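# A closer look at the structure
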Amino acid sequence: KHITTDMATLTREVKKFATDKKLEIETLKVREEYRREFLGNVSHELKTPLFTVQGYILTLLDGAMNDKTLRKKYLQRAEKGVERLTYIVNDLDMISKFEMGDLNLVMEEFNIVELVQNVFDLLEMEAEKKNIILSFDNKYSKSIMVLGDRGKIQQVVTNLIVNSIKYGKQDGYTEVGIEDLVNNKVIIRVKDNGEGIQKQHIPRLFERFFRVDKSGARAEGGSGLGLSIVKHIIEAHDEKIYVESQFGIGSEFSFTLEKIK
Ligand code: ADP
């Protein structure tokens, strides 16, 4: 009797061990698949600007260098390509740091109204190219103090406003609003009347490298990393990010922050 019980226990344990191992292997497989897809995406994103830069340099070496106007034009284009590469590498660096848990937030109190105004000033020229009006709807005051990593929140606001311009329509608008919530929180909304996003794409928006329009021909550039970074930053703050969008009408991205009384 004693032995049978032991055998039963043993069998159960062996079974449990086998199931655990199977699960472990499944997890590793998924992770491996994820890693492979990530590497594939990275090299794909880097290739396009690299080929552009290489193309201009080869053309210069091929003789274009002797022509004063062509020389300047091609060097400027090559420089643009290098700039784009730098952006992508910096974004990747940030994402991998977040995913490894290597990025510490530097928390401080700052005025979110002033931060949004700074971002508006930096992006004014970009908005003017499409005649998009950047406006600030702040029903409260000139100063709303919040708690967060100032530099990273500036990146969040920048990425959201850059997107509202990129996917905004000619003569459109981007409106930023700040409102109080309960529990000492504020919500910052970035609203546009641009192209909007179809329902089926919304759940995937914050995935790295996800873009609605994957065709490389798209004039706006971008690599699908911006919103992924935004989400990482907001979640590292233990805050929430939301999106509402209607295809053909516009989008609103919003996030919460802790308010300082
Ligand atoms: P990127 O802009 O570099 O493609 P993001 O991660 O910032 O990458 O955005 C992912 C995708 O979400 C974009 O390619 C675009 O299709 C969609 N998107 C983001 N913001 C907006 C917006 N304000 N209006 C419409 N579509 C948007």
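Everything below is about the structure printed above this text.
All figures in this text were calculated on a predicted structure; none of them were measured in a lab. Each chain carries its own residue numbering, running from 1 in the direction its sequence is written. Reporting in this predicted model follows two pLDDT cut-offs: at least 70 for local features of residues, and 80 or more for side-chain atom pairs to be given and counted; totals over whole chains, interfaces and linings ignore these cut-offs and use all residues. Only hydrogens and water are set aside; all other atoms, that is, all heavy atoms of the structure, feed into the side-chain values.

### Details of the environment of leucine 181
Short version of the rule: Put simply, DSSP H or I for four residues or longer makes a helix, DSSP E for two residues or longer makes a strand, and each gets a number counted from the N terminus. The rule is simple: take the accessible area with a 1.4 Å probe, protein chains only, and divide by the maximum for that residue type; under 20% is buried, over 50% is exposed, in between is partly exposed. Contact criterion: two residues are considered in contact whenever any of their non-hydrogen atoms come within 4.5 Å of each other.
Here leucine 181 lies in strand 4 (residues 173-181). In this structure leucine 181 comes out as partly exposed when scored by relative accessible area, which is 36%. Note: C-alpha distance between leucine 181 and threonine 48 (133 residues apart in sequence) is 44 Å. Leucine 181 has contacts with Val186, Ile187 and Thr256, leaving out every residue within four places of it along the chain.

### Concerning helix 4 (residues 150-166)
Note the following rule: Multiply 1.5 Å by the residue count of a helix minus one, and that product is the helix's expected span.
If you check helix 4, its first and last C-alpha atoms are 24 Å apart, about what 17 residues at 1.5 Å a residue would give, namely 24 Å. Among all positions in helix 4, only Lys152, Ile153, Val156, Val157, Asn159, Leu160, Ile161, Asn163, Ser164, Ile165 and Lys166 are buried.

### Considering the pattern of salt bridges
Definition in use: Each reported salt bridge corresponds to a side-chain nitrogen of Lys or Arg within 4 Å of a carboxyl oxygen of Asp or Glu.
On inspection of all chains with the given rule, the structure shows 17 salt bridges. Notably, a salt bridge pairs glutamate 83 with lysine 80, separated by 3.9 Å at the nearest N-O pair. In this pair, glutamate 83 and lysine 80 are both assigned in helix 2 (residues 68-99), 3 residues apart and thus about one turn of the helix distant. For glutamate 83, a relative accessible area of 31% puts it in the partly exposed group. A salt bridge links lysine 129 to glutamate 126; its shortest N-O distance comes to 3.3 Å.

### Let's talk about the pairing of strand 3 (residues 145-149)
As a reminder, the rule being used: Here a strand pair is declared whenever DSSP counts at least two bridges between the two strands.
Of the pairings in the sheet, the one linking strand 1 (residues 107-111) to strand 3 comprises 5 bridges and is antiparallel in character. Paired with phenylalanine 110 across the bridge in strand 3 is valine 146. One ladder, built from 2 bridges, connects strand 3 with strand 7 (residues 250-259); its direction is antiparallel. Bridging across to strand 7, valine 146 finds its partner in lysine 259.

### Considering the site of the ligand
Let me state the cut-off plainly: A molecule or strand has a residue near it when one of that residue's heavy atoms lies within 4 Å. Pairs of N or O atoms are called polar contacts if they sit within 3.5 Å, as long as, within protein, a hydrogen donor faces a hydrogen acceptor (for residues adjacent in sequence, only side-chain-to-side-chain pairs).
Neighbouring residues of the ligand: 19 residues in total, closest Lys166, Tyr167, Arg211, Gly224 and Leu227. A distance of 3.3 Å separates an oxygen atom of the ligand from a polar atom in the backbone of glycine 226. In the environment of the ligand, a nitrogen atom lies 3.4 Å from a nitrogen or oxygen atom belonging to the side chain of serine 251. Elements supplying a minimum of two residues to the shell around the ligand: helix 4, helix 5 (226-236) and strand 7. If one sorts the elements of the shell around the ligand by residue count, helix 4 sits on top with 3 residues.

### Describing the side chain of asparagine 111
Structurally, asparagine 111 is set in strand 1. A polar atom in the side chain of asparagine 111 sits 3.4 Å from the backbone oxygen of lysine 142.

### Points about unusual backbone geometry
Notably, asparagine 183 is not glycine yet its phi reads approximately 60 degrees, a positive angle. Note on placement: asparagine 183 falls in the loop between strand 4 and strand 5 (185-192). Given a relative accessible area of 68%, asparagine 183 falls into the exposed group. Even without glycine at this site, asparagine 184 takes up a positive phi of about 55 degrees. Residue classification places asparagine 184 among the partly exposed positions, given a relative accessible area of 39%.

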